[in-house]
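# Residue-level structure breakdown
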Amino acid sequence: MKIKNQEGIAMENNVQKIVPHLWYDKEANEAAEFYVSIFPDSKMTDVTTIHDTPSGDSEIVSFELLGQKFKAISAGPFFKFNPAISFTVQFNPARDKDAKEKLSDIWHKLSEGGTALMPLDKYPFSEWYGWIQDKYGLTWQLILMNPDREEGRPAIVPSFLFVGEQYGKTEEALHFYVSVFKEGKLGQIARYPKGMEPDKEGNIMFSDFSLENQWFTAMESGHEHHFMFNEAVSFMVYCDGQEEIDYYWDKLSAVLEAEQCGWLKDKFGVSWQIVPGAMDEMMSNGTPEQLQRVTKAFLQMKKFDLAELQKAYEG
């Protein structure tokens, strides 16, 4: 089955190698339903509860926004969202004559209980743009695209902001990620000109890149910011087998103390989850007894052992 995202690009409904994962205290299901109610072509796909985790009972939620898959978990007040990773929603007036009105409507809904980080307004790079932190703390950039700009970008793109000790490392990160992931490629790169201090001439003002046919953006800011990458937003990499799990784990993991339950942290501080492709089926379709066995097994792991997980699932 194929669906089309906001840009009119056909996408395979069941193929997404890298899935953003959102960590909430208790609000994962509520937040997912809120986002699904706001964005068109969106839906809830699964809600599963796992028991006896270090956080107690944890709710795992799967949903899609504009054809892009997301995961969310309610697992305690350990991590807070911040603007280091946001989600850019692109509206193209060349494909939708009501693009500006739709952007404004979504902005209004995300603003309820939220905080504007950059007000919805005209900027040098866009006729209509705003950066908003919603009532759950997650940040969104809504942008009206140049109608003359025809390109195969999806409607929602994860966006990295390199600040603080990571400032100046964006270009290194771009080349690193493109080298690690299959079918990785660089897109646009725009650099800071002279006279934009504290940003240094030549540093990355904006860039985008594709990993496994999924687009991301990255930029950096030399201004003082009181946040950094953390586990509130991570990226799940679905692997075809143990060999692929081993490959991504070895390439990405750079912080030994962060290795736990399939999670790792790379050298830039970004969190990833390296998981077998069969994991969703286990967690969504398993009996309570199977879920309990699989949960008990993976809680004892750092890097996932697919054979042991399958053994636990089958009993």
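Residues numbered from 1 in each chain as written. Predicted model: local features only at pLDDT ≥ 70, side-chain atom pairs only at ≥ 80, totals over all residues. Heavy atoms only, no water.

## Digging into the overall build of the chain
Counting secondary structure elements, the chain contains 7 helices and 17 strands. Oriented by its inertia axes, the alpha-carbon framework of the chain measures out at about 60 × 35 × 35 Å. Residues counted as buried form 55% of the 315 residues belonging to the chain. Across the chain, the fraction of contacts at a sequence separation of at least 24, relative to all contacts at a separation of at least 6, is 63%. Working note: accessible area of the chain is about 14,800 Å², and carbon and sulfur atoms make up 50% of it. (Helix = DSSP H or I, 4+ residues; strand = E, 2+ residues; numbered from the N terminus. Buried < 20%, exposed > 50% of the residue type's maximum accessible area, 1.4 Å probe, protein only. Contact = heavy atoms within 4.5 Å. Areas by Shrake-Rupley, 256 points an atom, 1.4 Å probe, with all protein chains shown as cover.)

## Examining the sheet that holds strand S13 (residues 204-211)
Spatially, S8-S9-S10-S7-S11-S14-S13-S12 is the arrangement adopted by the 8 strands of the open sheet, whose pairing is mixed. Lying at the two open borders of the sheet, with one neighbouring strand each, are strand S8 (115-123) and strand S12 (185-191). Strand-to-strand twist of the sheet, defined as the mean angle between neighbouring strand axes without regard to direction, takes the value 20 degrees. Direction of pairing for strand S9 (residues 126-133) relative to strand S10 (residues 139-144): antiparallel, over a ladder of 5 bridges. Within S10, the position partnered with Tyr-129 by the bridge is Ile-143. Contacting strand S11 (156-162), S12, S13 and strand S14 (214-220), helix H3 (residues 170-180) runs over the sheet at an angle of about 5 degrees to S13. (Pairing = 2+ DSSP bridges. Axes fitted to C-alpha atoms, helices over the stretch in contact; angles between N-to-C directions.)

## Observations concerning helix H1 (residues 28-38)
Counting buried positions along H1 gives 8 out of 11 residues, so the element sits mostly inside the fold. What H1 keeps buried is the set Ala-28, Asn-29, Ala-31, Ala-32, Phe-34, Tyr-35, Val-36 and Ile-38. Each element contacted by the buried residues of H1 is listed here: strand S3 (18-24), strand S4 (43-53), strand S5 (56-65), strand S6 (68-74), helix H2 (99-111) and S10.

## Quick word on the pattern of salt bridges
On inspection of all chains with the given rule, the structure shows 12 salt bridges. Among the ionic pairs, Asp-98 bridges to Lys-97, the shortest N-O distance being 3.6 Å. A relative accessible area of 32% places Asp-98 in the partly exposed class. Residue Lys-97 is classed as exposed on the basis of its relative accessible area, which comes to 73%. Each of Lys-17, Lys-182 and Glu-244 takes part in a single network of salt bridges with overlapping partners. (Salt bridge = Lys/Arg side-chain N within 4 Å of Asp/Glu carboxyl O.)

## Some remarks on the nonpolar core
Counting 76 residues, the largest nonpolar core has Tyr-35, Trp-140 and Trp-272 as its most contacted members. It is H1 that contributes the most residues to this core, 7 residues altogether. Once residues lying within four places of it in the same chain are set aside, the contact partners of Tyr-35 are Tyr-24, Phe-63, Leu-65, Leu-110, Asp-134, Tyr-136, Leu-138 and Trp-140. Core analysis: the second largest hydrophobic core is formed by 23 residues, Ala-75, Tyr-238, Met-282 and Val-294 among them. (Core = buried A, V, L, I, M, F, W, Y, C linked by side-chain atoms within 4.5 Å.)

## Re the side chain of Ser-42
Position of Ser-42 relative to the elements: it lies in the loop between H1 and S4. A distance of 3.0 Å separates a polar side-chain atom of Ser-42 from the backbone oxygen of Phe-39. A polar contact of 3.2 Å, which involves the side chain of Ser-42, links it to the backbone nitrogen of Leu-66. With sequence-adjacent residues up to four places away left out, Ser-42 is seen in contact with Val-36, Glu-64, Leu-65 and Leu-66. (Polar contact = N/O pair within 3.5 Å; in protein donor to acceptor, adjacent residues only side chain to side chain.)

## Quick notes on the packing of aromatic side chains
The tally for this structure, following the rule as stated, stands at 37 aromatic pairs. Between Trp-23 and Trp-263, the ring centres sit 5.7 Å apart and the planes meet at 75 degrees, which makes this aromatic pair edge-to-face. Here Trp-23, found in strand S3, pairs with Trp-263, found in strand S16 (residues 263-265); they are 240 residues apart in sequence, far enough to count as distant. The residues Trp-23 and Trp-263 share a single accessibility class, namely buried. Between Tyr-177 and Phe-209, the aromatic rings sit 6.2 Å apart at their centres with planes inclined by 15 degrees, giving stacked as the arrangement. With a gap of 32 residues between them, Tyr-177 in helix H3 and Phe-209 in strand S13 connect regions that are remote in the sequence. Judged by relative accessible area, which is 1%, Phe-209 ranks as buried. Above the face of the Trp-128 ring, Lys-100 is positioned so that its terminal group lies 4.6 Å from the ring centre. Looking at Arg-153, its charged tip hangs above the ring of Trp-215, at a distance of 3.5 Å from the centre. (Phe/Tyr/Trp six-rings, centres within 6.5 Å; stacked < 30°, edge-to-face > 60°. Lys NZ or Arg CZ within 6 Å of the ring centre and 35° of its normal.)

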